[in-house]
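The residues making up each chain are set out below.
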Amino acid sequence: MAGKATTVDSETLLSSMFTAEGKEDPYPALAELRRIAPVYYHEKLDTYFLTRFADCQQVLSDPSCLTPDLTWCETELPDWREHPAAVFFYSSLLRANGTDHVRLRRLVADRFSARRIAVLTERIETTTTALLDRFADATRDGGAADFQELVGYPLPVAVVGDLIGVPHTDQDRFHHYGQDASRLLEPVRTDEDWKRADEAVTALRGYFAQLVALRRRRPADDLVSALLAVREADDGRLAESELLDMLLLVFVAGFETTTSLLGLTVHALLSHPDQLALLREDPALVPNGVEECLRWDTPVRMTERIATRPLTVGGVAIPQGGNITTVLAAAGRDPARHPDPDAFDVLRPDIRVLSFSAGAHYCLGAALARLEGAAVVRQLLARFPGLAHARRPVRRDSISLRAFTRLPLVTSG
């Protein structure tokens, strides 16, 4: 009887994440799920949900646990060829495995090297300053302004846009495309999700095809030109479709999750004025503060893997072919890894996060996102001592992504 009760309780806890209350604050339910069933098999979704840090890290770091790719699509998503978004998503660097993943990752890795990131640091700082000037103008008379609209979105777009080679005049047009393409990250997709994602991917491919054609005529020191040189060498390293999809992925991934990170970080700090005061007193703590924000409320709540061999996770046997969902939001608040996990503490030592995944698919842009977060926090604290929430933020309608669509703030609170 105890086993049956646990199953019912686990189902209820997991289902609560799909409610309005669960989207607002999923952490109590995730903590209870971790306590009673840390490796929980959901029969209807046919996946094992992991809520402990060590278990999530094990799976994400295991080379035998692969991301769902085109091979997976053949059996699990048989109509994938009818969806431009699926063709893009499941063949991209984000979902490719094995030699294809290694090949594609090598083509862009140098653009995210420590040397390249160092060069971008000045650009991040100056762009942040310019955007906060605009934010200051918008709030000068005591009114509220949407931080996401004026800073949270345009900063990552400008940074990754410059890296890729997207002209400044084009950078404001992609916001809704990124949100629509990101519907592919949802664990359950509706027909409307597919429609929005297909239209977004088609439009973005068309844009990047034009940009590639421009760079064929006028090369520059950017990712488009670098990948174009590889493509035109015609040595098998990069197909034309892969060129467009790589640009699409780097652009959308480069701003979507970082936009979320910036909003979540500012919200967390404003919600904990004592912690905000510590960063004001000692700006050297800001990078650790950003890391604590990533742990406390991570932008990507979950990601999935497929077991290519039988394995044991947290004492539970998972068969070959088993689908595994690592709940990153729960992992960050695992008391076995971070004591007193629900406390928000910018002085917390030895923070470890899985926000950028782990293993072969560790995010190439992690260092860049952290730099952007630190630049925004440092400058906000220095310039706006009265920064405060203006009214309740509006959260994005998503299960997989944790983000704000609107974050109204005032600078004279």
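Residues numbered from 1 in each chain as written. Predicted model: local features only at pLDDT ≥ 70, side-chain atom pairs only at ≥ 80, totals over all residues. Heavy atoms only, no water.

Where an unreviewed UniProt entry is consulted, the protein chain appears under the name Cytochrome P450, with the organism given as Streptomyces griseofuscus.

Student: If you had to explain the environment of Leu-371 to someone new, which residues and values would you point to?
Tutor: Looking at the element boundaries, Leu-371 is found in helix H18 (residues 366-383). Taking relative accessible area as the criterion, Leu-371 reaches 27% and is therefore assigned partly exposed. Expressed as a C-alpha distance, the spacing of Leu-371 and Leu-132, which sit 239 residues apart in the sequence, is 16 Å. (Helix = DSSP H or I, 4+ residues; strand = E, 2+ residues; numbered from the N terminus. Buried < 20%, exposed > 50% of the residue type's maximum accessible area, 1.4 Å probe, protein only.)

Student: Lay out the side chain of Asp-55 in plain terms, naming residues and giving numbers.
Tutor: Structurally, Asp-55 can be placed in helix H4 (residues 53-61). The buried category is assigned to Asp-55, whose relative accessible area is 6%. Of note is the side chain of Asp-55, whose polar atom sits 2.8 Å from the side chain of Arg-52. If we skip the residues at most four places from it in the chain, Asp-55 touches Val-39, Leu-50, Val-313 and Gly-314. (Polar contact = N/O pair within 3.5 Å; in protein donor to acceptor, adjacent residues only side chain to side chain. Contact = heavy atoms within 4.5 Å.)

Student: Describe the sheet that holds strand S8 (residues 323-327), with residues and values.
Tutor: Pairing is mixed in the open sheet, where 5 strands are placed in the order S1-S2-S8-S5-S3. Only two strands of the sheet have a single partner each, and these edge strands are strand S1 (39-42) and strand S3 (65-66). As defined by bridge partners, S3 adjoins strand S5 (residues 302-307) across 2 bridges and the pair is classed as antiparallel. What sits directly across from Leu-66, in S5, is Ile-306. Sheet strands in contact with H4 are S1, strand S2 (47-50), S3, S5 and S8, and its direction is about 130° off that of S8. (Pairing = 2+ DSSP bridges. Axes fitted to C-alpha atoms, helices over the stretch in contact; angles between N-to-C directions.)

Student: Outline the confidence of the model for the protein chain, supporting the account with residue identities and numerical values.
Tutor: Mean pLDDT over the protein chain stands at 93; residues scoring 70 or higher make up 98%. Segment residues 1-8 is flagged for pLDDT under 50; beyond a separation of four residues in sequence, or across chains, it makes 2 contacts in the model. (pLDDT = per-residue confidence, 0-100.)

Student: Help me get a handle on the sheet that holds strand S12 (residues 408-410), residues and values and all.
Tutor: Across the sheet, 3 strands lie side by side as S4-S12-S9; this open sheet has antiparallel pairing. Edge positions in the sheet fall to strand S4 (145-146) and strand S9 (388-389), since each has one partner strand and no second. Judged from the 2 bridges that link them, S9 and S12 form a sheet pairing that is antiparallel. Directly across from Ala-388, in S12, lies its bridge partner Val-410.

Student: Provide a residue-level description of the pattern of salt bridges, including the pertinent values.
Tutor: Using the criterion set out here, one finds 33 salt bridges in the structure. Where Glu-74 meets Arg-81, a salt bridge forms, and the shortest distance between an N and an O atom there is 2.7 Å. With relative accessibility at 40%, the residue Glu-74 sits in the partly exposed group. On the basis of relative accessible area, Arg-81 is assigned to the exposed category, the value being 53%. Between Asp-100 and Arg-103 there is a salt bridge, with its nearest N and O atoms 3.2 Å apart. Here Asp-100 and its partner Arg-103 are both found in helix H7 (residues 98-109), 3 residues apart, which amounts to about one turn of the helix. On the basis of relative accessibility, which here comes to 39%, the residue Asp-100 falls in the partly exposed class. Among the charged side chains, a salt-bridge network with shared partners connects Arg-216, Arg-231, Glu-232, Asp-234 and Glu-240. (Salt bridge = Lys/Arg side-chain N within 4 Å of Asp/Glu carboxyl O.)

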